[in-house]
Amino acid sequence: MTAKLRILLPQLLVLAIVVGLGAYLIHNTLDNLARQGVATGFAYLDREAAFEIGEKLIPYTSADSYGRALLVGLANTLEVGVLGCILATILGLIVGVARMSRNWLIRHIAALYIQAIRNVPLLLQLFVWWDLFRVSAPPPRQAWQIMPGFFLSNRGLTIPLPSFEGGFHWDIPHLAGFNFAGGHIVTPEFAALLIGLVIYTAAFIAEIVRAGIEGVSKGQTEAALALGLKPRQALFLIVLPQARRIILPPLITDYQALIKNSSLAVAIGFPELMAITNTTLNNTGQAIEAISLMMIIYLGLSLITSALLNWYNARLALKGMAR
Amino acid sequence: MIKATTLAVALVMVAFAGPALAGPTLDKVKKNGVVTCGVTTGLAGFSIPDRQGKYTGIDVDTCRAVAAAVLGDPDKTKYVPATTQQRFTMLQSGEIDILTRNTTWTLTREGDLGFLFAPPNYYDGQGFMVAKKAGVKSAKELDGATVCVQSGTTTESNLTDYFRANKMTFKPLVIERLDEVENAFYSGRCDSFTADRSGLAASRAGKAPNPDDYVILPEIASKEPLAAVVRQGDDEWFEVVRWTMFAMIDAEEKGVTSQNVDEMKKSDDPEIQRMLGVKPGMGKSLHLGEDWAYTIIKRVGNYGEIFDRNVGKDSALKLDRGLNALWTQGGLMYGMPIR
C-alpha cells in the first residue's frame, strides 16, 4: 500500500459516509412523503400561479406560471441587491474616510454611526424606515408635488418615465382613482428595504475601508505629501488604490450578506424571492421543492458575487506577488 | 429568518421521521396523555392567548373537545403556534396531532398535501374592509386599489380571482405577519384590507384606532369553510376528530348543554341516550370511553355555547350565527346521526 493511498483512503471513506447519509435522507424523505400521499416534484413550476405581484420589473400577470412568478421575485432581489451593493459601497467609503478625518466632529459622528447601526438588528431598522415612509407621508389625494410628475404620498414617490409609444414623450404620473397611474412608483417597501440595507451594510464596509487605509504604510502618505500632493490627492491617488487590495476580499462577504439580508423584505411586504417562494409554497404545498430551489438560487447569487469580485481582485493584485 | 429556520427544522423532521407511521396517532395521544394542536399566533375568537397565557377561541375549544373525548379532560392539550407557512409542514412531520388553525378546506390541501378535513367549525367567507371616508359602498368599486393581504393564505389567491373575474386591476401588498398587515392598513398604506370576514370583524374590534371609521363591504368574495385538519392514512384518529364535531352539533340540536347534561342523562330520547353513553356502544365503536360525548359537552359545551362564547353574542366580535346556525334554523351546521 502506497503512502498516497493511505492518505486518500480515510478521505474517500468520509466522503462515502456523507454521500450515503445524504442519499438515505433524501430517499427516506421521498418515501415518507409518498406514504403520506404528498405530491413531489417540480411540475408545479409550470402551473398557473393565480396570484398577483405588487411590484415587477418583468411582465407578469396572475395567469403566468409559478416559474415566471419566481423570476419576478428573483429580478426584484437582484434590483435591490445590485443597487444596494453600489450605494452601500459609496456610503461606506465616505463614512470610512470620515472615520479617519482629522476633524474631531466628523470623526466622532462617523464612529457613532458605525457603532449605533452595526449594533441594532437590521429587521428593526427596516421597520423603522418603513413606518417612517408610510406614516409621515400624506394619502394619495393630498400628495405633495415636489416637481411636475414627482408626487410623494404614502403610496410612494412617483417618477415620470420616457415613453416611445407613438413618438417620444414623457409618461407623467397622474392621480387616477385610488392610486397614481403612469410613470414609475418607488414604493415605501422598496425604499425602506433599499435604504435599510444600504445604511446597515455601509457601517460594516466603513470599518473595512478604515482597516484598508490603515493597512497602507504611513510612508506612502508622507512621500506623497513630500512630493507636493495635496492631502486629498494623496488619499485618492496614492492611499485608496493601494487600500483596495486589502478592502476587496472582506467586501465580498458584505455583498453576500446584503443580498441574503434582502430576504427580510417578507416582513415589510416587498415581493422579492423569499416572499414569492412563501406564497408559492403555501399555494402548492411543495415546501421541500420550493425551499430547495430558493437555497440553490441564494447559493448561486453568493457564488456569482464571489467569483466576480475574486476575478477583479486577481486583476488588482501586484504582478509577481499574485499567487 | 426565524420562520425559515423553523421550517428547515420541520423539513429535517420529515427527513428523519421513521418509516410507516400509519394509524398510531390515537394510541400515541392516549399513551402520552396529551393532544398537541397547531393554532394561530393570535387571532381573536379563534385562537389567542389571554393575559395568563391561556389559549381561548373556537379553534382552541375544538382541540379541547378532542382531548375531552379521548382523554376525558379538555385541559390535557398543548398548543403550538404556527404561521401560515409552517402549519402544513408541522402536521405532515407529526409535530402536531391536529391543525386547528382557521384553515380553509380545499381540494389541493387534501389531494396534494395528504390531509383530511374534519367538518367545518366555522363557515366563513372572504370580505373587504375599507375606511368609511373613502366613500366606497361595494367591492366592485375597488378598481385600481391597493389591497393589504397576509401572505400564505387562500385569501391571497381569492383576491386575485375576484379582481380577475370582475375585470378590475389592483396592487397587492403582501406581508407575512398579520400585525404588520393591520398596521399598514390602519395607517392608510392600503385602500382595502382583505381577510375572512370573521377576521376582519376581529381586527376592527381589536386593532382599529376607531372601529366606527371602518366598514366591511357587503360582497363575499369566496367560500371559506374553516375546519380542523389531520393526516391521511390514520382513519381512527380522523373519525375521532370528525365525530367530536358532530357530537357538539348534535348536542345543540337536541338541547343538551354543559348546564343540563347531567339531567339529560335521564332523557327518554334514544339518540340522547346513545350520545351520552346511557346506552353503551357508541364510544366503543370509536375506540373511546362511553362517556366521550358526555365529557365534551360537560367540560367544553355544545356547538352553540362554543360559538356564542368565542365569536358570537357573548364575545367582543359579536358575529351573527349566519351560515353557522343549525340546519334546523337555516344554517349549515348538520351533525350526522350518532347511532
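This structure is a prediction, so every number in the text was calculated from the model and none was measured.

Engineer: So what exactly am I meant to see when it comes to the interface of chain A and chain B here?
Structural biologist: It is common to give the size of an interface as the accessible area that goes away when the parts come together. Facing 48 residues of chain A, the contacting portion of chain B comprises 54 residues. Around 4100 Å² of area is buried between chain A and chain B when both sides are counted, 51% of it from carbon and sulfur atoms. Looking only at chain A, the three residues that lose the most surface to chain B are Gln36, Phe178 and Asn282 of chain A, adding up to 17% of its buried area. Summed over the shared surface of chain A and chain B, the result is three salt bridges. Here Arg189 of chain B makes a salt bridge to Glu189 of chain A, at a shortest N to O gap of 2.7 Å. Of all the elements, helix 8 (residues 273-284) of chain A adds the most residues to the side of chain A that touches chain B, at seven residues. When its residues are assigned to classes, the side of chain A that touches chain B shows 23 nonpolar, 18 polar and seven charged.

Engineer: Hey, could you run me through the sheet that holds strand 8 (residues 184-186) of chain A in this one?
Structural biologist: Through backbone hydrogen bonds, the strands of a sheet pair up, either in parallel or in antiparallel fashion. Residues and elements named next belong to chain A. The antiparallel open sheet is built from four strands, whose spatial order is 1-2-3-8. One side of each edge strand has no neighbouring strand; the edge strands of this open sheet are strand 1 (144-147) and strand 8. Taken over all neighbouring pairs, the strand axes of this sheet differ in orientation by 25° on average, direction set aside. Pairing geometry for strand 3 (residues 156-159) and strand 8, over three bridges, is antiparallel. Within strand 8, the residue paired with Thr158 across the bridge is Ile185.

Engineer: Whenever I open this one, the pairing of strand 2 (residues 150-153) of chain A confuses me. Can you help?
Structural biologist: One face of the sheet, then the other: side chains in a regular strand alternate in exactly this way. Residue and element names in this part refer to chain A. Only one face of strand 2 is covered, namely the face carrying Phe151 and Ser153; the face carrying Phe150 and Leu152 is uncovered. Looking at chain direction, strand 1 and strand 2 are connected through three bridges and run antiparallel. If you follow Trp144 over to strand 2, its bridge partner there is Leu152. Connecting strand 1 to the next strand, strand 2, in antiparallel fashion are two residues, including Gly149 with a positive phi near 90°. Across two bridges, the pairing between strand 2 and strand 3 is antiparallel. Counted as the bridge partner of Ser153 is Gly156 from strand 3. Connecting strand 2 to the next strand, strand 3, in antiparallel fashion are two residues.

The rules we used
- Here the residue numbers are simple positions, counted from 1 along each chain's written sequence.
- A letter from A marks each chain and a number from 1 marks each ligand, given out in the order of writing.
- Per-residue local features of the predicted model are confined to residues with pLDDT of at least 70, and side-chain atom pairs are confined, for both listing and counting, to 80 or more; whole-chain, interface and lining totals are unaffected and use all residues.
- Side-chain figures throughout are based on the complete set of non-hydrogen atoms in the structure, without hydrogens or water.
- The criterion used for residue contact is that any of the two residues' heavy atoms lie within 4.5 Å.
- Two parts placed together each lose some accessible area under a 1.4 Å probe, and adding up what both lose gives the buried area.
- Any carboxyl oxygen of Asp or Glu within 4 Å of a side-chain nitrogen of Lys or Arg constitutes a salt bridge here.
- Counting from the N terminus, the helices are DSSP H or I runs at least four residues long and the strands are E runs at least two residues long.
- Basically, the charged four are Asp, Glu, Lys and Arg, the nonpolar ten are Ala, Val, Leu, Ile, Met, Phe, Trp, Tyr, Cys and Pro, and anything else, Gly included, counts as polar.
- Note on pairing: two strands pair once DSSP finds at least 2 bridges between them.
- Note on definitions: angles span 0 to 180 degrees between N-to-C directions of axes, and those axes are lines fitted to C-alpha atoms, for helices only across the stretch in contact.
- Buried residues are those whose accessible area, probed at 1.4 Å on protein chains only, stays under 20% of the maximum for their type, while exposed residues exceed 50% and partly exposed ones sit between those limits.

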